[in-house]
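Spelled out, the chains give:
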Amino acid sequence: MRIGFIGDIVGRPGRKIIKENLIKIKKEYEIDFIIANGENASHGFGLTIEGSKELLKSGIDLITGGNHSFDKKKDMMVLLETSNVLRPDNYPEGLIGSGIKICEIETQDGIEKLAVINLMGIYGMPTVENPFNWAKKLVSNLHEEGIKNIFIDFHAEATSEKRIMLMMFKNQVSAICGTHTHVGTDDLQIFENTAYLTDIGLTGCRDNVIGMDSKIPIQKVTTGLGGHFEVPNSCKSILQMMVVDIDDGKASSAFKIKKYCHNPKIFVTEAFID
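Residue numbers here run from 1 along each chain, matching the order of that chain's written sequence. Residues qualify for local features only when their pLDDT is at least 70, as the model is predicted, and side-chain atom pairs are given and counted only at 80 or more; totals for whole chains, interfaces and linings, by contrast, use all residues. Side-chain metrics rest on all non-hydrogen atoms present in the structure, leaving aside hydrogens and water.

Participant: Would you mind going over the overall build of the chain with me for this structure?
Facilitator: Of regular secondary structure, the chain possesses six helices and 14 strands. With C-alpha atoms as the basis for the radius of gyration, the globule rule is written as 2.2 Å multiplied by the number of residues raised to the power 0.38. Here the C-alpha radius of gyration of the chain, 17 Å, is about what a compact globule of 274 residues would show, namely 19 Å. Along the longest, intermediate and shortest principal axes, the C-alpha atoms of the chain span 55 × 45 × 35 Å. Buried means the residue's accessible area, taken with a 1.4 Å probe over protein chains only, is under 20% of the maximum for its type, while exposed means over 50%, and partly exposed covers the values in between. For the chain, buried positions account for 54% of its 274 residues. The Shrake-Rupley method, run with a 1.4 Å probe sphere, supplies the accessible areas, and residue values consider only the shown protein chains as cover. When the accessible surface of the chain is totalled, it reaches about 12400 Å², and 49% of it is carbon and sulfur. Strands here mean DSSP runs of E at least two residues long; helices mean DSSP runs of H or I at least four residues long; both are numbered from the N terminus.

Laid out in structure tokens, this is it:
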């Protein structure tokens, strides 16, 4: 199967570039299933019901989350019960929703199962259960169920935490991709049958500060006075996606797509096989 993963979608510009390009990209690159982190998709903070509908109509099959998952709390409570939306599974127990979903995907070879796991890191994040111990339990249970195809969206601030996740689960899961920093890293690789990227980077405005208008961030660092971060209505945007080919639980190939607004070309970076 061929899986696509899109990084943090930030506000209307992120949704717009997806709406204008994703279905075409999905068809051109013969992608079977697309996952996207949507915790910043509505006004830059959280996800609304309408925002979720727009993304799912634009070619996304499953939406993951992170530390902003509950910023639009009322909408998220509905989405977690009725839609293809996940939140980090290692939020404290008893919280509504889940961070794991077993998806049945139609491929050229028939129906295959893919387990998608959404986890959140420790450093600089809200209170969560230890993601590494949590992941050991989840992956072990999936293997006992005979599910080999496993994709992890690890929403974390520290690059070291993401790398630790790879070292722990190489050759046990199909792919691990980091989200949260909104800054893409240049380390796409296949390491002992596991595709890995520290951070896919944002999908949204690229000519400011991590998808937000630069005025308030500049004000904050120069004066100490904060303010409400705003997503610009007009900007130069980018769509970033990791694409992984999975065969019997193992990543056989991977590449990263970059699509810039107003540029018809799609830029592709192949994974380094270690």
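There is more to say after this.
Participant: Would you take a moment to explain the pattern of salt bridges for this structure?
Facilitator: Any two side chains of opposite charge can pair, given that their charged atoms come close. Any Lys or Arg side-chain nitrogen found within 4 Å of a carboxyl oxygen on Asp or Glu counts as a salt bridge. The tally for this structure, following the rule as stated, stands at eight salt bridges. Here K53 makes a salt bridge to E50, at a shortest N to O gap of 3.8 Å. With K53 and E50 both in helix α2 (residues 49-57) and three residues apart, this pair spans about one turn of that helix. According to the relative accessible area criterion, K53 is partly exposed, its value standing at 44%. D199 is the partner of K162 in a salt bridge, and the nearest nitrogen-oxygen pair spans 2.9 Å. Of this pair, K162 sits in helix α5 (residues 159-169) while D199 sits in the loop between β9 (194-197) and β10 (204-205), and the two are 37 residues apart along the sequence.

Participant: I keep staring at the packing of aromatic side chains and nothing clicks. Help me out?
Facilitator: Here the distance between the centres and the angle between the planes together describe a pair of aromatic rings. Working definition: a ring pair exists when centres of Phe, Tyr or Trp rings (six-membered ring for Trp) sit within 6.5 Å. Plane angles under 30 degrees give stacked, over 60 give edge-to-face, the rest tilted. Using the criterion set out here, one finds five aromatic pairs in the structure. Pairing Y260 with F267 gives two aromatic rings, centres 5.6 Å apart and planes at 85°, and the pair type is edge-to-face. Using a relative accessible area of 22% as the deciding quantity, one classes Y260 as partly exposed. Judged by relative accessible area, F267 falls into the partly exposed class, the value being 32%. Directly above the aromatic system of W134 lies the positively charged group of K137, at a separation of 3.5 Å from the ring centroid. The side chain of R163 reaches across the aromatic face of F191, ending 5.9 Å from its centre. Note on geometry: a ring has a charge over it if NZ (lysine) or CZ (arginine) is within 6 Å of the ring centre and within 35 degrees of the ring normal.

Participant: Explain α5 here, please?
Facilitator: The periodicity of an α-helix, 3.6 residues per turn, causes residues three or four places apart in sequence to face the same way. Residues E161, K162, M165, L166 and F169 constitute the buried set of α5. Mapping the buried residues of α5 onto a view down its axis gives an arc of 145°, with all of them on the same face. On its buried face, α5 sits against β5 (110-120), α4 (131-144), β6 (150-155), β7 (175-179), β8 (189-191) and β9. By construction, the arc corresponds to the directions joining the helix axis to the C-beta atoms. Residues are treated as being in contact if the distance between any of their heavy atoms lies within 4.5 Å.

Participant: Help me understand the packing of helix α1 (residues 11-28) against α2 in this model?
Facilitator: Each pair of packed helices gets described by two things: the angle between the helix axes and the distance between those axes. Every angle, taken between N-to-C directions, lies between 0 and 180 degrees, and every axis is a line fitted to C-alpha atoms, over only the stretch in contact when it is a helix. The N-to-C vectors of α1 and α2 enclose an angle of 20°; their axes lie 9 Å apart at closest approach. Between α1 and α2, the angle falls in the class roughly parallel. Between α1 and α2, the residues in contact are R15, I18, K19 and I23 and G51, E54, L55 and K57, respectively. Orientation labels follow simple angle bins: below 35 degrees gives roughly parallel, above 145 gives roughly antiparallel, 65 to 115 gives roughly perpendicular, and whatever is left gives oblique.

Participant: Just checking my understanding: could you explain the nonpolar core for this structure?
Facilitator: Here is a general trend for soluble globular proteins: nonpolar side chains tend to be buried in one another's company. Only buried residues count toward a nonpolar core, which is a set of Ala, Val, Leu, Ile, Met, Phe, Trp, Tyr and Cys residues joined through side-chain atoms within 4.5 Å. The biggest cluster of nonpolar side chains holds 31 residues, and the ones touching the most others in it are I6, I60 and M241. Contributions of two or more residues to this core are made by α1, β2 (33-37), α3 (73-82), β11 (237-247) and β12 (250-260). Of all the elements, α1 adds the most residues to this core, at four residues. The contact partners of I6, leaving out residues within four places of it in the chain, are I18, L22, I34, I35, A36, N37, I60, I200, T203, Q240 and M241.

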